[in-house]
Amino acid sequence: MATVRTVDVAERRTRLALRHRLAPDNPAADPADATRSLVCLHGTDPSTIYLSARARVPGMTVADLEKALYEERSLVKHLAMRRTLFVFPREALPYAQAGASGRVADQERRRLVRDVEKAGLFDDGSRWLDSAADAVLEALDGAAPRSYTELRDAIPLLSGSMSYGEGKSWGGQVSVGPRVLTVLSAQGRIVRATNDGSWRVSRNRWATTQSWLGSPIDPIGEVDGATWLVREWLRAFGPGTEADIKWWLGSTLTLVRTALAGLDLVEVDLGRDIGYLLADDQEPATPVAPWAALLPGLDPTTMGWRDRDWYLGPHRDLLFDSNGNAGPTAWWDGRIVGGWWQDEAGRVVLHLLEDVGSQARRALEAEADAVTEWLGGVRVMLRFPSPLAKQYA
């Protein structure tokens, strides 16, 4: 495959602005549109879902996103790449399940069977897990969404706990029941349906996929699923390297290369590395006006590539924790220039890590005011605060 042309950092930042709906003249129409533009939204921290969508959908309210999640059900929470919870457009579920979630389900099942047998809870962990899963599915069949507590009280097989971190200050007991639900959700057999908490917390009620969506997830092959995911990633995040795709997909290099081989691609020179673009998506992007954005922790844009130097620069140690989780970030014209958090009154506070000039500072301050107004005094407690936020918040 011949290298077609060079894609420099400026062009990559322009593509990011347009494809990720952060350029002011290319916003998303609604939460589902924003989600499709990014393939999926990170859902590990519940507030990220709302703040990521809000950054891309002018005038969006909490109710707008909840309508898509819980009424229209056009968006669905699903465990997928890297054992991470995401929000997918409903039509993407078959591909996410085949290309990523199935692998996670197999890993989680083997780990749980091994752990319960090692802890002496069950002699035959596989048989126990099959029985517990069947009991959960029976309890949810035709019923309204139920909380884990309700399921545990109704199903004795979900009881029991195991020790972890023995002898460590952080050690304790972990219940086996939630891990059964993790396996079932990664298998695509149950979904996180309604939520008993506010938009800032996760208090999931569970339902079978059949009852929540009206049908099970259509089965397709792993390669077909992975190929679809890689194609969508390239359309949203490309150009990207093989290493970028492997990291995002959370899969093997063999599967990534198989997926790439099934697509019509061109190679581009990214400077230090060779990247890929879809053959029908290689036209240079039209430059956009400078733009400002405040993105939440774990935002898909911040987390979208393995190699982040071209938009993160020297700020990694202050804005990412030791496990690679991104905190809230301040963006100017396609690159990260600082972070943000809320003070005790709920007001958004900027912390810029470089001199960005008066135009950028004014634009970022205006965005901070807009986020403050949108939050309306509600404080979002970060699940993964950045080192910068820990220093000053």
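Residues numbered from 1 in each chain as written. Predicted model: local features only at pLDDT ≥ 70, side-chain atom pairs only at ≥ 80, totals over all residues. Heavy atoms only, no water.

Asks: Honestly, the sheet that holds strand S12 (residues 292-295) in this entry has me stumped. Any pointers?
Replies: Sheet strands associate in pairs through backbone hydrogen bonding, adopting either a parallel or an antiparallel arrangement. The antiparallel open sheet is built from four strands, whose spatial order is S12-S13-S14-S15. With one partner strand each, in any of the chains shown, S12 and strand S15 (348-352) form the two edges of the open sheet. Going across the sheet, the axis of each strand differs from the next one's by a mean of 30°, ignoring polarity. Bridge count between strand S13 (residues 329-332) and strand S14 (residues 335-342): four bridges; the pairing is antiparallel. The residue bridging Ala330 from the neighbouring strand is Gly338, located in S14. Helix-sheet contacts for helix H15 (residues 358-375) involve S12, S13, S14 and S15, and the interaxial angle to S15 is about 155°. (Pairing = 2+ DSSP bridges. Helix = DSSP H or I, 4+ residues; strand = E, 2+ residues; numbered from the N terminus. Axes fitted to C-alpha atoms, helices over the stretch in contact; angles between N-to-C directions. Contact = heavy atoms within 4.5 Å.)

Asks: Just to check I follow, could you spell out the pairing of strand S10 (residues 265-269) for this structure?
Replies: Two faces make up the sheet, and in a regular strand the side chains alternate between them. Extensive coverage of S10 is indicated by the burial of four of its five residues. Alignment of S10 against strand S11 (residues 274-278), held across five bridges, turns out to be antiparallel. Within S11, the position partnered with Leu265 by the bridge is Leu278. (Buried < 20%, exposed > 50% of the residue type's maximum accessible area, 1.4 Å probe, protein only.)

Asks: Can you help me understand the environment of Arg383 in this one?
Replies: By secondary structure assignment, the location of Arg383 is in the loop between H15 and helix H16 (387-392). The exposure class of Arg383 is partly exposed, given its relative accessible area of 43%. Taking C-alpha positions, Arg383 is 8.6 Å from Thr44, a pair spaced 339 residues apart along the chain. Leaving out residues up to four positions away in the same chain, Arg383 has contacts with Thr44, Asp45, Pro46 and Ser202. Looking at Arg383, its side chain comes within polar contact range of the main-chain oxygen of Thr44, at 2.6 Å. (Polar contact = N/O pair within 3.5 Å; in protein donor to acceptor, adjacent residues only side chain to side chain.)

Asks: How should I be thinking about unusual backbone geometry in this particular structure?
Replies: Backbone geometry follows two general trends: most residues other than glycine have a negative phi, and most peptide bonds adopt the trans configuration. Cis geometry is found at the peptide bond from Gly238 to Pro239, where omega equals 5°. Within the secondary structure layout, Pro239 lies in the loop between helix H10 (222-237) and helix H11 (242-249). The phi dihedral of Arg73 is positive, around 60°, even though this residue is not glycine. Position of Arg73 relative to the elements: it lies in the loop between helix H4 (62-71) and strand S3 (75-80). The class of Arg73 is partly exposed, set by a relative accessible area of 24%. Residue Asp333 is not a glycine yet carries a positive backbone phi of 55°.

Asks: Just checking my understanding: could you explain the environment of Gly327 for this structure?
Replies: Tracing the backbone through its elements, the reader meets Gly327 in the loop between helix H14 (316-319) and S13. Expressed as a C-alpha distance, the spacing of Gly327 and Trp340, which sit 13 residues apart in the sequence, is 8.5 Å.

Asks: Explanation requested: the pattern of salt bridges in the structure shown.
Replies: Any two side chains of opposite charge can pair if their charged atoms end up close together. Tallied over the full model, the rule gives 25 salt bridges. Its salt-bridge partner being Asp281, residue Arg15 comes within 3.1 Å of it at the nearest N-O pair. Here the residue Arg15 occupies a position in helix H1 (residues 9-19), and Asp281 occupies one in the loop between S11 and S12, the gap between them amounting to 266 residues. Under the relative-accessibility criterion, Arg15 is labelled buried at 2%. Among the salt bridges present, the one from Arg347 reaches Asp369, with a minimum N-O distance of 2.5 Å. Of the two residues, Arg347 is situated in the loop between S14 and S15 and Asp369 in helix H15; the sequence distance between them amounts to 22 residues. If you follow the salt bridges from partner to partner, you end up with Arg272, Asp307, Asp309 and Arg316 in one network. (Salt bridge = Lys/Arg side-chain N within 4 Å of Asp/Glu carboxyl O.)

Asks: Whenever I open this one, H4 confuses me. Can you help?
Replies: Given 3.6 residues per turn, any residue in an α-helix points the same way as the ones three and four places further on. Those residues of H4 that fall on the buried side of the exposure criterion are Leu65, Ala68, Leu69 and Tyr70. In an axial view of H4, the angular spread of the buried residues amounts to 170°, which keeps them on one side of the axis. The exposed residues of H4 that point more than 90 degrees off its buried face are Ala63 and Glu71. Next to the buried residues of H4 lie helix H2 (31-37), helix H3 (46-54), S3, strand S4 (84-89), strand S8 (190-195) and helix H9 (209-213). Once H4 ends, the next one or two residues include Arg73, with phi positive near 60°. (Arc of directions from axis to C-beta.)

Asks: Before we go on, may I ask you to explain the sheet that holds S11 in this structure?
Replies: Read from one edge of the open sheet, three strands run S1-S10-S11, paired in mixed fashion. Both outer strands of the open sheet, strand S1 (3-6) and S11, are each paired with one neighbouring strand and no more. For this sheet the average axis-to-axis angle between neighbouring strands, irrespective of direction, equals 40°. Bridging between S1 and S10 involves three bridges; their strand directions are parallel. Looking at S10, one finds that Arg5 is bridged to Val268.

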